[in-house]
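Listed below, chain by chain, are the residues.
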Amino acid sequence: MRRRDFIRYTSAASIPVLAGGFQMKALASTPLLDLLSQTETDKVLVIIQLNGGNDGLNTVIPLDQYSNLAAARANILLPEPKILRLTNSTGLHPSMKALHSQYQDGKVRVIQNTGYYPANQSHFRSTDIWWTAPNNITKVIESGWIGRYLQGIYPGYPETKYDHPPALQIGAILSLGLMGELSTPMGISVSSPEVFDYLAQGAADASIPKTAAELELKYIRNMSVVSGDYSEVLRQAIQKGANLSTKYPASSVKNYLAAQLKVVARLLAGGLKTRIFIVNMGGFDTHADQTNKDSTGTLSGTHANLLKNLSDAIAAFQDDLQLLKLDHQVAGFTFSEFGRRIRSNASYGTDHGAAAPMFVFGSGVIPGILGANPQIPKNAGAGDCVEADEDHDFRNIYATILNQWFGVSQTELLRVMDNKPDLKADLNIFRTKDQIDNNSQGKLKLLVTFPNPFTDYTTIRFMSGNGPAKMNLIDTSGKIIREIINENLTEGQHEVTLHKNGLSDGIYYIHIYQGNEKDTILLRAV
Amino acid sequence: MNRRSFLSSFDPYFFPTLRNKPLSPPETIQRPTSTLATQSSWGEEEAKHLIRRATFGASKKLVAHVQSLGLNGAVAKLLANLSDPFPPQNEDEDNLSSPTDSWTTKAFIDGDMNGKRLNSLRAWWIGLMLEQDTSKSEGFNIREKMTLFWHNHFVTESGIVDEARYCYQYNALLRKQATGNYRTLLEEITVNPAMLKYLNGDSNTAFNPNENYGRELLELFSIGKGQQTADPVGDYTYYNENDVKASTRVLTGWRHQVTNNVPTAYFTPQYHDQKTKIFSARFKNYTIQPQGDVEYKELVNMILTQSEDPLASAKFICRRIYRYFVYYQIDEFTEKNIITPLAQTLFNSNYEFKPVLQQLFMSQHFYDVLNRGCVIKNPIDYVVGLGKEFELMTTGSVDTPGDKYKAWFKLYEEAMQMQLALLDPPGVSGWAAYGQQPAYHEYWINSDTMYQRKGFTDHIITGLDANGLMLSINTLAFLKKNFTQADLSNARVMIDKVTQFLLPVVLPLTQEQKDTLLFEALLMGLSNDPNYWTNHWTDYTSNGATTEITKMLKSFFTYLLAMPEYHLS
């Protein structure tokens, strides 16, 4: 960031007024512009950055490639029977039980082989690429995709004051992703979740100062809690909001991500209208000792702990959002600057790789897996990586999320995504607004079909109210292929099994109707 | 102190930044019980404490030098007289390669040039603060810190004085008497042209008295206002309204003009009140007989020596010294065992200031651990101090005199954003941090100034645009110069050493803070293994690979310099 621009866009542009010896900023409080009404205003996106490069192949495991994986990474290979099944051919790391259960409840979308080609294997550069999303990955740009997006929604920020910060990052340093054009930071950072505890408690930086130095330190801590002009709105939100879930790990577990997400849920519960939150979790640069070497085997170790924390944090957050009745408003996704090599090294670790899976979570997602398993060569060489699917270029994923979640128009998408040629914004990630709204109002909901894709049979889990209901299997042309249910249902959760029985391979939809409610889920037969 | 009741008594509109102030229960803290007895132990921490409080911060090299002088040698050097600096220059009209060519003795040109002169004065003063105590012969010295003290005490504002040559002369007076005689300074400031202009002494006549200066002389500059009593004439314990009137009459008839480009005060007998001035019982009914242009000296002397409490004026200024150098809370013990004896020293030395400063800076009380790490750095301490710690002016690309002015001016602007604008205190009573109960130093810190402070440290790491000159600290050079290879190659040791130098050691970091500095800040969340740093450091020392460690150090120092602890001295 260039200082002159920073000054220009922050302090100097607001009008200092001397009163009582203090500088006051004249708050040119502008009601949110009409622009806002053109898009979804109540949607929130939570971005979880996994720092260091997550090993995708030990996170979402291609079971159909297991023997090739076994050859390439025997020393860190997860035992096949312990892998949690997402489908017949794809599984989840055994330590991610909580996320697995979210998946079964239809709250998780797995996107296979995300990234860009060719992958840059420097942490810093690749992180910059993911945050700045340039139209060409060799191009260095100084603004981030979120910053550019928010600049369209919050014109004039930060000179123009809005009631709530456009974006909030938990961390000491504002990420490049939030930097708008002309070096305008489009969000604020708050150093750690703990400081919110001080805010929430009003006075207590729990310590009672005993010396003058401690007294002043406490004062400065409390004043440095939040930057910029939003301290009051954040304080109010944190005091008004409360977490409802009991699933957050105890603080002794040191699940720092869960602590961050807990704060996000609480701020949202307290009425904060911030659109984008960035949280992060470190430690994924597992060059060595990714798994334990001893007899406890590959089920435990650094990576298993990381993934358990990630899984527990997302599951607790999702549970909280549901209890707070905010789940239809909030979606999140994970990303990491790259995946890791197919072959493990001799230190029970893996070196920097390329593509990896992403998790998108929330009540709005289309449940299941998007994309095919990565192909693992028979004799993977030391430099071999999983490469990104062309459709799953991370910029297509961002564009799709902006389009489907925030309703960003095609022209605006091009600007935000740096006019990338061949940009796609139509991946199957979120359900439509109607589906989500109907579900949030009523009792009818298709939760998950499992496995999906299926080869033999699949189990459909869904919720309903009381009364007659119909469930049909429909093909992509809209033709009813099979009637699955036509009966009176009682309120609650149900399961029904669908056998392939002569269905040809391909994409289908399951539609369910009850009263004036309906829901749809995508299904693939293979 | 009960902050809750304090908060409710103020209109938040006028104290907008206090709305965020946490409501705390009454807090009682342990204050020192050490006295002015001479300090015995002397080590690195004592040297650092002295440098940070009595000047504007320290490089590690300076700490070692001052430590090597011993306590006596260090205080002697701190208080030594310095030769006058070369005057300020303005690159639009002066030849910067000729250090005596200065606008301060040139004719007034126009308002535009006057503004440039004021900016050159501001920048130049920052330069004196920043570069005074390098390894040059002047070395480490209190002069500029005291000049700033007097600026806060004998306030003038450039916006009102409105003439750069007056402001320079005023500033030069404060510097000349920085550690000189308090009586002399009071006398000279009373008839200083800038002060005559600022507090309307130049329109105070026998026929139309203007009480502005006469009142502030008593209330703010010398003896200070005590409790208001029930006395209907407005009695403030140490003086009353009659004394304000009598002082005003003493001061009638002073004017100023520019003679040979030098602002000059002169006395006009025809506007002077020629009658006898009789003071109240607070000054034992002291009488000043008509003596024209020397009456003001007698007035100053009366205030300093003829009060009912002969130490009243000395105590007033010593309390201000204490709040500036030690801490803002003055409890009964401190009043009795520190303030009163210091005032006695001042009084006994015929108002020479050095003995007071010497006594304070040699005392056990000053070095008491309970007095360390508790002063919130003012914006100048913060900005200039960082410049010194990281040797900003020698590691950067600041070469020419023109560059220096650019760099200095940028630092002035940064401090101004943080609410300390040199030459422009917010009012005649100076900055709230040194005069406003109950929060004092805490007034430096609010959500806005914290934002400015963080903006400064963030950008001085990557590059601060000083009107085209990129100003930045070199954190890698800082580490290599001040720490050993062995220290630097181990992340935890490096973090310990750096934080012990930059942050108050009386506020030890918790393991959690250190872990955050290590894993989040230095390793940027990339690894849970401290050797990650070691490997990259080795890659740097053996192969010259700087890309990765530069990124890591940027992240580390960005985090470190934004820590609340770094705001404390």
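Residues numbered from 1 in each chain as written. Chains lettered and ligands numbered in written order. Predicted model: local features only at pLDDT ≥ 70, side-chain atom pairs only at ≥ 80, totals over all residues. Heavy atoms only, no water.

## Overview of the overall build of chain A
Right, on to step 1. Each helix and strand counted, chain A has 14 helices and 20 strands in total.
Right, on to step 2. Classification of the 526 residues of chain A by burial places 61% in the buried group.
Right, on to step 3. By sequence separation, contacts in chain A at least 24 residues apart represent 72% of the contacts at least 6 residues apart.
Right, on to step 4. Only carbon and sulfur atoms are counted for the fraction: they give 50% of the accessible area of chain A, which is about 19,800 Å². (Helix = DSSP H or I, 4+ residues; strand = E, 2+ residues; numbered from the N terminus. Buried < 20%, exposed > 50% of the residue type's maximum accessible area, 1.4 Å probe, protein only. Contact = heavy atoms within 4.5 Å. Areas by Shrake-Rupley, 256 points an atom, 1.4 Å probe, with all protein chains shown as cover.)

## Here we look at the overall build of chain B
Right, on to step 1. In terms of regular secondary structure, chain B is built from 27 helices and 6 strands.
Right, on to step 2. Across the 569 residues that make up chain B, the buried fraction comes to 60%.
Right, on to step 3. Of the contacts made within chain B by residues no fewer than 6 positions apart, 70% connect residues no fewer than 24 positions apart.
Right, on to step 4. Total accessible area on chain B stands at roughly 20,500 Å², and carbon and sulfur atoms take up 50% of it.

## As for the packing of helix 5 (residues 143-153) of chain B against helix 13 (residues 312-325) of chain B
Residues and elements named next belong to chain B.
Right, on to step 1. Running from N to C, helix 5 and helix 13 cross one another at 125°; their axes reach a closest spacing of 11 Å. Judged on the interaxial angle alone, helix 13 and helix 5 are oblique. Crossing of helix 5 over helix 13 shows right-handed handedness. Of the residues in helix 13, those touching helix 5 at Lys145, Met146, Leu148, Phe149, Trp150, Asn152 and His153 are Phe316, Ile317, Arg320, Ile321, Tyr324 and Phe325. (Axes fitted to C-alpha atoms, helices over the stretch in contact; angles between N-to-C directions. Parallel < 35°, antiparallel > 145°, perpendicular 65-115°, else oblique. Left-handed = near helix turned anticlockwise from the far one by under 90°.)

## So, the side chain of A:Thr211
Right, on to step 1. Here A:Thr211 shows up in the loop between helix 7 (193-200) and helix 8 (212-223).
Right, on to step 2. For A:Thr211, a relative accessible area of 17% corresponds to the buried category.
Right, on to step 3. One polar contact links the side chain of A:Thr211 to the main-chain amide nitrogen of A:Glu214, over a distance of 3.1 Å.
Right, on to step 4. Residue contacts for A:Thr211: discarding those within four places in its chain leaves B:Ile29, B:Gln30 and B:Leu370. (Polar contact = N/O pair within 3.5 Å; in protein donor to acceptor, adjacent residues only side chain to side chain.)

## Some words on the sheet that holds strand 4 (residues 60-62) of chain A
All names here are of chain A.
Right, on to step 1. Strand order in the open sheet made by the 3 strands is 4-6-5, with antiparallel pairing throughout. Two strands in the sheet have a free side with no partner beyond their single neighbour: strand 4 and strand 5 (84-85).
Right, on to step 2. Here strand 4 pairs with strand 6 (residues 90-92) via 3 bridges, running antiparallel. Within strand 6, the residue paired with valine 60 across the bridge is leucine 92. (Pairing = 2+ DSSP bridges.)

## Looking at the side chain of A:Asp418
Residues and elements named next belong to chain A.
Right, on to step 1. Among the structural elements, aspartate 418 can be located in the loop between helix 13 (410-416) and helix 14 (433-441).
Right, on to step 2. Since its relative accessible area comes to 15%, aspartate 418 is described here as buried.
Right, on to step 3. Engagement of the side chain of aspartate 418 in a polar contact is seen with the side chain of lysine 139, the distance being 2.8 Å.
Right, on to step 4. In contact with aspartate 418, other than residues within four places in its own chain, are Ala133, Pro134, Asn135, Lys139, Ile141 and Arg148.

## Let's talk about the sheet that holds strand 3 (residues 44-50) of chain A
Residue and element names in this part refer to chain A.
Right, on to step 1. With mixed pairing, 8 strands are arranged side by side in an open sheet as 9-8-10-3-11-12-7-13. The two strands at the open ends of the sheet, each matched to only one other strand, are strand 9 (188-190) and strand 13 (368-370). The average angle at which neighbouring strand axes cross in this sheet is 20°, direction not considered.
Right, on to step 2. Taken together, the 5 bridges between strand 7 (residues 108-114) and strand 12 (residues 356-361) define a ladder with antiparallel strand orientation. Opposite valine 108, over in strand 12, you have phenylalanine 361 as the bridge partner.
Right, on to step 3. Against the sheet, helix 4 (residues 97-104) engages strand 7, strand 12 and strand 13, with an angle of about 110° to strand 7.
Right, on to step 4. Sitting on the sheet, helix 10 (residues 256-269) is in contact with strand 3, strand 8 (167-170), strand 10 (276-281) and strand 11 (330-336), with an inclination near 165° to strand 10.

## Quick notes on the confidence of the model for chain B
Right, on to step 1. Looking at chain B as a whole, its pLDDT mean stands at 90, while 93% of the residues score no less than 70.
Right, on to step 2. This model gives residues 1-26 of chain B a pLDDT under 50, and the stretch forms 50 contacts once residues within four places in sequence are excluded. (pLDDT = per-residue confidence, 0-100.)

## Side note on the pairing of strand 2 (residues 262-267) of chain B
Residues and elements named next belong to chain B.
Right, on to step 1. Pairing analysis gives 6 bridges linking strand 1 (residues 254-259) to strand 2, with the strands arranged antiparallel. For arginine 255, the partnering residue across the bridge sits in strand 2 and is tyrosine 266.
Right, on to step 2. In sequence, strand 1 turns back onto strand 2 through a hairpin of 2 residues, with asparagine 260 there showing a positive phi of about 50°.

## Details of the packing of helix 10 (residues 212-221) of chain B against helix 11 (residues 241-250) of chain B
The relative placement of two packed helices comes down to the angle between their axes together with the axis-to-axis distance.
All names here are of chain B.
Right, on to step 1. At a minimum axis separation of 8 Å, helix 10 and helix 11 run at an interaxial angle of 125°. As summarised for this structure, helix 10 and helix 11 are arranged oblique, according to the angle between their axes. Regarding helix 10 and helix 11, the two cross each other, and that crossing is right-handed. Counting all contacts with helix 10, which are made through Gly214, Arg215 and Leu218, the residues of helix 11 involved are Glu241, Asp243, Val244, Ser247 and Thr248.

## With respect to the confidence of the model for chain A
Low pLDDT marks regions whose predicted coordinates should not be analysed in detail.
All names here are of chain A.
Right, on to step 1. Chain-level statistics for chain A give a pLDDT mean of 83 and a share of 85% at 70 or above.
Right, on to step 2. The secondary structure element of chain A with the lowest average pLDDT is helix 1 (residues 3-9), at 24, and the one with the highest is strand 12, at 98.
Right, on to step 3. The low-confidence segment residues 1-40, where pLDDT is below 50, has 90 contacts with residues more than four positions distant or belonging to other chains.
Right, on to step 4. A low-confidence stretch, residues 200-204 stays under pLDDT 50, and its non-local contacts, those more than four residues away or across chains, total 15 contacts.

## Some words on the packing of aromatic side chains
Residue and element names in this part refer to chain B.
Right, on to step 1. Evaluated as defined, the whole model comprises 52 aromatic pairs over all chains.
Right, on to step 2. When the ring of tyrosine 328 is compared with that of tyrosine 440, the centres are 5.5 Å apart and the planes differ by 25°; the resulting orientation is stacked. Here tyrosine 440 lies in the loop between helix 20 (432-435) and helix 21 (447-462) and tyrosine 328 lies in the loop between helix 13 and helix 14 (332-348), a separation of 112 residues in the sequence. A single burial state applies to tyrosine 328 and to tyrosine 440, both of which are buried.
Right, on to step 3. With a centroid separation of 5.9 Å and 70° between ring planes, the pair formed by phenylalanine 478 and phenylalanine 483 is classed as edge-to-face.
Right, on to step 4. With a relative accessible area of 4%, phenylalanine 478 lands in the buried category. (Phe/Tyr/Trp six-rings, centres within 6.5 Å; stacked < 30°, edge-to-face > 60°.)

## Points about the pattern of salt bridges
Right, on to step 1. Counted under the stated rule, the structure contains 45 salt bridges over all chains.
Right, on to step 2. Between B:Glu391 and B:Lys481 there is a salt bridge, with its nearest N and O atoms 3.1 Å apart. Of the two residues, B:Glu391 sits in the loop between helix 17 (379-389) and helix 18 (392-395) while B:Lys481 sits in helix 22 (residues 475-482), which places them 90 residues apart along the sequence.
Right, on to step 3. Residue classification places B:Glu391 among the buried residues on the basis of a relative accessible area of 15%.
Right, on to step 4. Each member of the salt-bridge network shares a partner with another, and the members are A:Asp105, A:Arg461 and A:Glu495. (Salt bridge = Lys/Arg side-chain N within 4 Å of Asp/Glu carboxyl O.)

## Focus on helix 9 (residues 231-240) of chain A
Since the α-helix turns once every 3.6 residues, residues separated by three or four places project in the same direction.
Right, on to step 1. Looking at helix 9 of chain A, one finds that the buried residues are A:Ser231, A:Val233, A:Leu234, A:Ala237 and A:Ile238. An end-on view of helix 9 of chain A places all buried positions within 165° of arc, on one side of the element. (Arc of directions from axis to C-beta.)

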